[in-house]
Amino acid sequence: MDAKFKLVEYNNIPYPEGYHAHIKEVAGHFDKSTIEPVDVYSLHTEYSYGKRKFDSILISSFPTLKNAHKNGVPQLWFSNEWASQFADFVIALTTDLTAPTTVEVHPPFNDYCTPEQFAERFQVFENKLHSIYPNTEIVMENRAGSIYRGGKFLFGKAKEIVQLCELILSNNLNLGIVLDFPQLLTAENIDTLKFDGEKYNSAIEPIAKYQSLIKGIHIWGKKKSSSGRWVAHVGTFDTYFGNDSVVKETFLSGIHRICNDGLVRFLVPEVNSGFEDLSAIMKDLLGAEK
C-alpha cells in the first residue's frame with residue numbers, strides 16, 4: 001500500500017490480503033446512545049441525510065440538538081449553543097472509550113447558516129471538544145444529497161469547498177477536510193455515464209491548491225438495480241462509470257492530483273456490497289497511483 005494512506009475500516013468489511021486497517025470508523029449520529037468499544041477509531045457524526053427519531057436518553061440531555069431539525073432531518077450548526085451541545089454530545093458518547101483519533105463532522109444547510117456563521121459556531125465546538133480531547137483531529141466531509149427541503153448543504157460544490165478552505169485559513173480553524181469524490185460529482189452534476197472530464201478537472205484543480213488541508217478521502221462506487229435505479233455505496237468503479245476504462249482513469253487521476261504531495265491521508269472506502277467490490281476498488285485506486 002502506498003505510504004500516503006492510513007486505511008480506515010468501514011462497515012466491518014475486511015480489506016484484501018496485504019492491506020491493514022489502521023483505524024475503524026464508528027457511527028456517532030444523533031440516534032446513537034452508545035458505541036462499541038474500540039481502541040483506535042474515527043467517529044462519524046450526524047450527516048443529515050434523512051430523518052432521526054431523537055428519542056434516545058442521550059439526545060434528550062441536549063435540547064438544542066433535539067429541537068434543531070426540519071421534519072426530522074437534523075439542522076447541523078444551527079447556533080452557537082447548538083455547537084456547544086454538539087461538543088458535549090460527542091464527549092458524552094465517547095466518555096467510556098479512548099479519545100477518538102478523528103471526529104468527522106458535516107456541513108450545515110444554507111437556509112439558516114452562512115459560511116461566516118459556520119466558522120464562528122465551529123470555533124465554539126472546537127474549543128470545547130479540544131478542552132477534553134486536545135489531540136483529536138476534526139475533519140469535515142463535503143456533502144451532497146439529502147431529503148431535507150428548503151436549503152442545500154453549505155459545502156458541496158468545488159467552489160464551496162474552496163470557500164471552506166479559505167475560511168479555515170482566515171479564521172485559523174483547527175479543521176481539515178475529508179474529500180468525498182462521488183459526492184463531489186453529485187454536487188457538480190457530473191453524470192458518470194456521460195462523463196465530462198473537463199468539468200471534473202475544473203472542479204479538482206482549485207481544490208488541489210489547498211491540498212494540504214485535505215486530510216483524507218472517501219471513495220465508493222454505484223451500481224444500477226434491476227429497476228434501473230442507482231444504488232450508492234455498492235458495486236465498483238466499473239459499474240459506476242459504465243465499464244468505460246478511460247473515464248475511470250480520468251476519475252482516478254483526479255484523486256491522484258489531490259494526493260500527490262506525500263501527505264499521509266485517511267482513506268475510507270465506503271463500500272457496502274462486500275469484499276469483492278472493495279478489492280476491485282482498492283486495486284483500481286492503487287493502479288492510479290503507480
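Fair warning: this is a prediction, and the values are worked out from it, not measured in the lab. (Residues numbered from 1 in each chain as written. Predicted model: local features only at pLDDT ≥ 70, side-chain atom pairs only at ≥ 80, totals over all residues. Heavy atoms only, no water.)

Q: Any details on the overall build of the chain? Residues and values, ideally.
A: A count of helical and extended segments in the chain gives 10 helices and 12 strands. Over its C-alpha trace the chain gives a radius of gyration of 18 Å, about what one expects of a compact globule, namely 19 Å for 290 residues. When its C-alpha atoms are laid out on the principal axes, the chain stretches across 50 × 40 × 40 Å. Of all 290 residues assigned to the chain, the portion counted as buried reaches 55%. Of the contacts made within the chain by residues no fewer than 6 positions apart, 69% connect residues no fewer than 24 positions apart. (Helix = DSSP H or I, 4+ residues; strand = E, 2+ residues; numbered from the N terminus. Rg over C-alpha atoms; globule rule 2.2 N^0.38 Å. Buried < 20%, exposed > 50% of the residue type's maximum accessible area, 1.4 Å probe, protein only. Contact = heavy atoms within 4.5 Å.)

Q: Which residues make up helix H7 (residues 197-208), and what values go with them?
A: Between the first and last C-alpha of H7 there are 16 Å, a value that for 12 residues agrees with the 16 Å anticipated at 1.5 Å per step. Three or more residues of H7 are buried, namely Tyr 200, Ala 203, Ile 204, Ile 207 and Ala 208. For H7, the arc enclosing every buried residue in end-on projection is 130°, short of the 170-degree limit, so these residues lie on one face. Packing partners of the buried residues in H7 comprise helix H5 (158-170), strand S8 (176-180), helix H6 (181-187), strand S9 (214-219) and helix H9 (245-258). Here H7 starts with a cap whose side-chain oxygen sits 3.2 Å from the backbone nitrogen of Glu 198, and that cap is Asp 196. (Expected span 1.5 Å × (residues − 1). Arc of directions from axis to C-beta. Polar contact = N/O pair within 3.5 Å; in protein donor to acceptor, adjacent residues only side chain to side chain.)

Q: Run through H9, naming residues and quoting values.
A: Given a rise of 1.5 Å per residue, 14 residues ought to cover 20 Å, and the 20 Å separating the end C-alpha atoms of H9 matches this to within 8%. Listing the buried residues of H9 in full gives Val 247, Lys 248, Phe 251, Leu 252, Gly 254, Ile 255 and Ile 258. Relative to the axis of H9, the buried residues are bounded by an arc of 145° and lie together on one face. Between the side-chain oxygen at the start of H9 and the backbone nitrogen of Val 246 there is a gap of 3.0 Å, and the oxygen is on Asp 244.

Q: So what about the packing of helix H3 (residues 80-93) against helix H4 (residues 115-132)? Which residues, and what values?
A: Viewed as axis vectors pointing N to C, H3 and H4 meet at an angle of 30°, and their least axial separation amounts to 8 Å. Compared by their axis directions, H3 and H4 come out roughly parallel. Classified by chirality, the crossing of H4 by H3 is right-handed. Of the residues in H4, those in contact with Asn 80, Ala 83, Ser 84, Phe 86, Ala 87, Asp 88, Val 90 and Ile 91 of H3 are Glu 120, Arg 121, Val 124, Phe 125, Lys 128, Leu 129 and Ile 132. (Axes fitted to C-alpha atoms, helices over the stretch in contact; angles between N-to-C directions. Parallel < 35°, antiparallel > 145°, perpendicular 65-115°, else oblique. Left-handed = near helix turned anticlockwise from the far one by under 90°.)

Q: How would you summarise the sheet that holds S8 if you had to cite specific residues and measurements?
A: One closed barrel accounts for 8 strands, arranged S1-S2-S3-S6-S7-S8-S9-S12; its pairing is parallel. On average, each strand axis in the sheet is inclined to that of its neighbour by 30°, with strand direction left out of account. Pairing geometry for strand S1 (residues 5-9) and strand S2 (residues 23-28), over 2 bridges, is parallel. Within the sheet, the bridge partner assigned to Glu 9 lies in S2 and is Lys 24. This element, H3, spans S2, strand S3 (41-45) and strand S6 (102-105) of the sheet and lies at about 135° to S3. (Pairing = 2+ DSSP bridges.)

Q: So what about the pairing of S2? Which residues, and what values?
A: Taken across its 6 residues, S2 has 5 buried, putting it largely inside the fold. Pairing of S2 with S3 involves 5 bridges; the strand directions are parallel. Bridge pairing in S3 links Lys 24 to Tyr 41.

Q: Residues and numbers for the packing of aromatic side chains, please.
A: Going through the model one piece at a time under the given rule, you end up with 28 aromatic pairs. On the numbers, 5.3 Å between centres and 90° between planes, the contact of Trp 77 with Phe 118 is edge-to-face. On the criterion of sequence distance, the pair formed by Trp 77 in the loop between strand S5 (73-74) and H3 and Phe 118 in helix H4 is long-range, its members being 41 residues apart. Considered together, Trp 77 and Phe 118 belong to a single accessibility category, that of buried residues. Taken together, the aromatic side chains of Phe 30, Phe 54, Phe 62, Trp 77, Trp 82, Phe 86, Phe 89, Phe 118, Phe 122, Phe 125 and Phe 155 make up a single cluster linked through ring pairs. Taking the ring centre of Tyr 47 as reference, the NZ or CZ of Arg 52 above it sits at 5.4 Å. (Phe/Tyr/Trp six-rings, centres within 6.5 Å; stacked < 30°, edge-to-face > 60°. Lys NZ or Arg CZ within 6 Å of the ring centre and 35° of its normal.)

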